[in-house]
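This is what each chain is made of:
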Amino acid sequence: MSPTEAVRRLAPDDLAMLSALEQAASPAPWSPGQLRAALADPDTRVFGIEQEACLVGHALVVRLPFEAELQAILVDREARRQGMAGRLLAAVIEQARAWNSERLLLEVRAGNETALALYRRAGFGEDGRRHGYYPARVAGRREDALLMSLPLA
Ligand SMILES: CC(C)(COP(=O)(O)OP(=O)(O)OC[C@H]1O[C@@H](n2cnc3c(N)ncnc32)[C@H](O)[C@@H]1OP(=O)(O)O)[C@@H](O)C(=O)NCCC(=O)NCCS
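Residues numbered from 1 in each chain as written. Predicted model: local features only at pLDDT ≥ 70, side-chain atom pairs only at ≥ 80, totals over all residues. Heavy atoms only, no water.

A. Representation of the pairing of strand β3 (residues 54–63). Across the 10 residues that make up β3, a large majority, eight, are buried. By the bridge criterion, eight bridges tie strand β2 (residues 44–51) to β3 in an arrangement that is antiparallel. In the strand pairing of β3, Gln51 is matched with Cys54. The turn joining β2 and β3, which pair antiparallel and follow one another in sequence, is formed by two residues; a positive phi near 50° is taken by Glu52. In the sheet, β3 pairs with strand β4 (residues 68–75) via seven bridges, with the strands oriented antiparallel. From the neighbouring strand, Gly57 faces β4, where its bridge partner is Val75. The hairpin turn running from β3 into β4, its antiparallel successor, is four residues long. (Buried < 20%, exposed > 50% of the residue type's maximum accessible area, 1.4 Å probe, protein only. Helix = DSSP H or I, 4+ residues; strand = E, 2+ residues; numbered from the N terminus. Pairing = 2+ DSSP bridges.)

What follows is the structure, encoded as C-alpha cells:
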C-alpha cells in the first residue's frame with residue numbers, strides 16, 4: 001500500500017470527485033444532491049480512498065439511534081480486488097464503534113455475490129430477506145434484499 005492510499009474522511013469540498021466516481025462506477029449512482037447532503041450531515045461519515053490523487057473508492061455510513069448503517073460502498077472498476085473495499089469497511093467499522101453503535105447494518109442485493117463475499121469475510125451475518133425489494137437491473141424480475149449485520153457491542 002502506498003501512503004496515497006490511506007482512507008480519509010471526505011468533506012463538502014470533495015463533492016465533485018465523489019460524484020464523478022458514483023457516476024462512473026456505481027450501478028445505481030447517488031445524485032450530486034444526495035451526496036452533498038450526506039457530506040454535510042453530522043450523523044453521516046463518507047470515507048474515501050485515493051490512488052495518485054484520484055478518488056477510487058468510498059463508503060458512506062449513517063448513525064442511527066442504537067446502530068449504524070452502511071448505505072454505500074463503491075470501488076472504481078480498475079481498482080477492484082486490491083483490498084480497497086476491505087480498508088474502507090474497516091474505517092466504517094471503526095467509526096461505528098466510536099459512535100458506540102450496537103451493530104452495523106446493511107442491505108444488499110441477493111445476487112451481488114461480490115459484495116456478499118466482502119461482507120461475509122468481514123464477519124457480517126444474514127438477518128433476513130425482503131422479497132422483491134430492488135427493481136430489476138434489466139427487464140425481468142425484481143430482486144430480493146438481504147439484511148445483514150455485524151455485532152459491535
Ligand atoms: C463490492 C466492491 C465494493 C468490492 O471492492 P474491492 O475493493 O474489489 O474489494 P476488496 O479488494 O477489498 O475485496 C475484499 C474481499 O471481498 C471479496 N471479494 C471482492 N471482490 C470479489 C469478487 N469479484 N469475487 C469474489 N469475492 C470478492 C473477497 O473476499 C475479497 O477478499 P480477497 O481479495 O482477499 O479474496 C466492488 O466490487 C464494487 O464497487 N462493486 C459495485 C458496488 C457494489 O456492489 N457495492 C455494494 C453494494 S451493497
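Moving on, there is more to tell.
B. Representation of the sheet that holds β2 in the model. Within the open sheet, the seven strands sit side by side as β1-β2-β3-β4-β5-β7-β6. Their pairing is mixed. The open sheet has two edge strands with one neighbour each: β1 (7–9) and β6 (125–134). Sheet twist, expressed as the average angle between the axes of neighbouring strands with direction ignored, equals 25°. With two bridges joining them, β4 and strand β5 (residues 103–109) adopt parallel strand pairing. Bridge assignment links Ala68 to a residue of β5, and that residue is Leu104. Packed on one face of the sheet, helix α4 (residues 113–121) meets β4, β5, β6 and β7 (143–151) and runs near 160° to β5. (Axes fitted to C-alpha atoms, helices over the stretch in contact; angles between N-to-C directions. Contact = heavy atoms within 4.5 Å.)

C. Inspection of the nonpolar core at higher detail. Among the nonpolar cores identified, the biggest contains 30 residues, and Leu70, Leu104, Val108, Tyr119 and Phe124 are the most heavily contacted of them. Residue assignment for this core shows that the elements contributing at least two residues are β2, β3, β4, α3 (84–98), β5, α4 and β7. For this core, the element with the highest residue contribution is α3, accounting for eight residues. Every residue in contact with Leu104, bar those within four places of it in the chain, is listed here: Val61, Ala68, Glu69, Leu70, Val92, Ile93, Ala96, Phe124, Met148, Ser149, Leu150 and Leu152. Counting 15 residues, the second largest nonpolar core, distinct from the first, contains Ala38, Val46, Leu55 and Leu74. (Core = buried A, V, L, I, M, F, W, Y, C linked by side-chain atoms within 4.5 Å.)

Nothing here speaks to function; it is geometry throughout.
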